[in-house]
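Observations on chain architecture
Take a look at the letters that make up each chain.
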Amino acid sequence: MSERNTEFFPQELQDQLNDHFYFLKQDVYGNDRIFFENAGGSLRLKAAVDAQAKYSAFPDCPERNHDVALDIRNVIAQGTEDIRLFLNAKDGAIASSLTASKIMFEIITAVAASKSGGNIVTTAIEHPSSFDACQFASEQYDHELRVAAADPASGSIPLLNILELIDEKTVLVSVILTSNITGAMHDIKEYAKAIKEKNPDTVIVVDAVQGAPHGVIDVDDWKIDALNIAPYKMFGNRGVGYAYLSDRIASLPHHRLLATDTDNWNVGSPTPAHFAGFTEIIQYICHIGSYYTESTDRRTLIVEGMKRIHLQEQAILHRFLHGSADAMGIKEMPAVTIHFEEANGINQDLILALTFENMSCAEAVQKYGEHNILVYARESSSHYSKRILEAVELKEIVRVSPIHCHSKEDVDAFLKTTQEILLAANVHS
Ligand SMILES: Cc1ncc(COP(=O)(O)O)c(C=O)c1O
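These remarks concern the structure in this document. (Residues numbered from 1 in each chain as written. Predicted model: local features only at pLDDT ≥ 70, side-chain atom pairs only at ≥ 80, totals over all residues. Heavy atoms only, no water.)

Attention shifts here to the environment of Val365. Mapped onto the elements, Val365 comes out in helix 13 (residues 361-370). Separated by 302 residues in the primary sequence, Val365 and Glu63 place their C-alpha atoms 49 Å from one another. Setting aside residues up to four positions removed in sequence, Val365 forms contacts with Val375, Tyr376, Ala377 and Val398. (Helix = DSSP H or I, 4+ residues; strand = E, 2+ residues; numbered from the N terminus. Contact = heavy atoms within 4.5 Å.)

Now for the layout of surface pockets. Empty pockets left among the atoms are what a rolling probe the size of a water molecule brings to light. The calculated volume of the largest pocket comes to roughly 670 Å³. Lining the largest pocket are 29 residues, and of these Leu177, Met185, His186, Asp187 and Asn347 lie nearest its centre. Those elements that provide at least two residues to the lining of the largest pocket are helix 7 (188-198), helix 11 (298-322) and helix 12 (341-344). The element that contributes the greatest number of residues to the lining of the largest pocket is helix 7, accounting for four residues. Broken down by class, the residue content of the lining of the largest pocket amounts to 14 nonpolar, 10 polar and five charged. Of the domains in this structure, domain 1 (11-43 + 311-424) and domain 2 (50-281) are the two that each give at least three residues to the lining of the largest pocket. By volume, the second largest pocket amounts to about 520 Å³. (1 Å grid on protein atoms, 1.4 Å probe; cavity = no way out; pocket = protein on both sides within 12 Å on 5 of 7 lines; lining within 4 Å. Points joined across faces, edges and corners; volume = space filled by probe spheres on them. Nonpolar A, V, L, I, M, F, W, Y, C, P; charged D, E, K, R; others polar. Domains from an automatic or database assignment.)

Before going further, it helps to examine unusual backbone geometry. Most of the time, phi is negative for any residue but glycine, and the peptide bond is trans. Positive phi outside glycine occurs at Phe235, with the angle close to 75 degrees. Note on Phe235: relative accessible area 0%, which makes it buried. With a phi close to 75 degrees, Phe340 is a non-glycine residue in the positive phi region. Mapped onto the elements, Phe340 comes out in the loop between strand 9 (336-339) and helix 12. (Buried < 20%, exposed > 50% of the residue type's maximum accessible area, 1.4 Å probe, protein only.)

A separate point is the pairing of strand 10 (residues 352-356). Counting buried positions along strand 10 yields five of five residues, so the element is predominantly enclosed. Alternating positions in strand 10 separate into two faces, Leu352, Leu354 and Phe356 on one and Ala353 and Thr355 on the other, with burial throughout. As paired strands, strand 9 and strand 10 are joined by four bridges and run antiparallel to one another. Each bridged residue has a counterpart across the sheet, and for Thr337 the counterpart in strand 10 is Thr355. Bridge count between strand 10 and strand 13 (residues 396-400): three bridges; the pairing is antiparallel. Bridge pairing links Leu354 to Val398 in strand 13. (Pairing = 2+ DSSP bridges.)

Shown next as structure tokens:
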């Protein structure tokens, strides 16, 4: 297993990046706060929010021919091009919808409707947006639903658990890129290759909502049929989800204004502000890339930027686990258990799933809050978490989800706070 990177961004870059975000150090009331809840919706780029506001103010309809309308059309075209570049989508269609969930339902339903009497394979750790879509579509179109089991140690789905469910009647396989609860990352290229070897006709659909802000996406290289993302999880705004659909599935019958192209998945008029916001996300990623490469090619800059984000997040994770001269790492605190990470190694996203001795997760979240650190408890009482937690044999976890713009100081503050909480609760650290 490769070693995890421990090198942080150079301080100069870190300082530059900090200026790009709203509410990095304080909440909306002006109180100091460390926002380690990025898996629930990430810190927002100022430029993405400002672009959204700017274009939302324009009354002009893009489907006219006057100057402003043409400008707005360019914004939509650039945004669409940027989505393609981010995903490396060289063919097929780009779809947009109000949420990433909605678009996932649309895609899975369209694929399921194209056949009947087959089976649909999903996994036990899928987000409900893809899992429920698979269940709904199986019932509607007479397919058997097959669910691949998780490995409780890693919180991932071993490839073999998926492969054993696939046969010649498998219509669709849905697999998550990165779990938003366990932080386990799947090597989609390897998974897709093995799935296609077993059934070359099956459609592969990937939920990349959690994975997108943390690493490179390459649908062309991975050879998959559909993949969705949500800008508000990747430094941008709420209100839209995007997806790639391969040529093979883009023209399947689906909800569409019938006068438009058969591979058009945008029902109704697009929102220029959303596309403007997405372009700002890409500008930001390219800015990180350009710190490390001279290239001016936008995809090259995106790849470099996302690779550097991934490396920075690995360094942050390493410091959480092992601490530093300034703060004791979580692994040294016997009253805290960190799940999944050890089994995943470098395939662990920057999500810490923690449980505490003699302290419920809700209590721990409350205590972190009192120390101005926002984290979140994933509990079986939530329909978003129940099935997934059961699949990994846990009842609850505290989810700690920072992003790349967090610093060594933020990590150390968390570690020191954890020790204080344990001490106050009389749990030995
Ligand atoms: C992994 C994953 N997939 C899909 C979604 C669905 O996103 P939305 O609720 O914005 O539709 C989420 C949201 O939390 C998620 O974490």
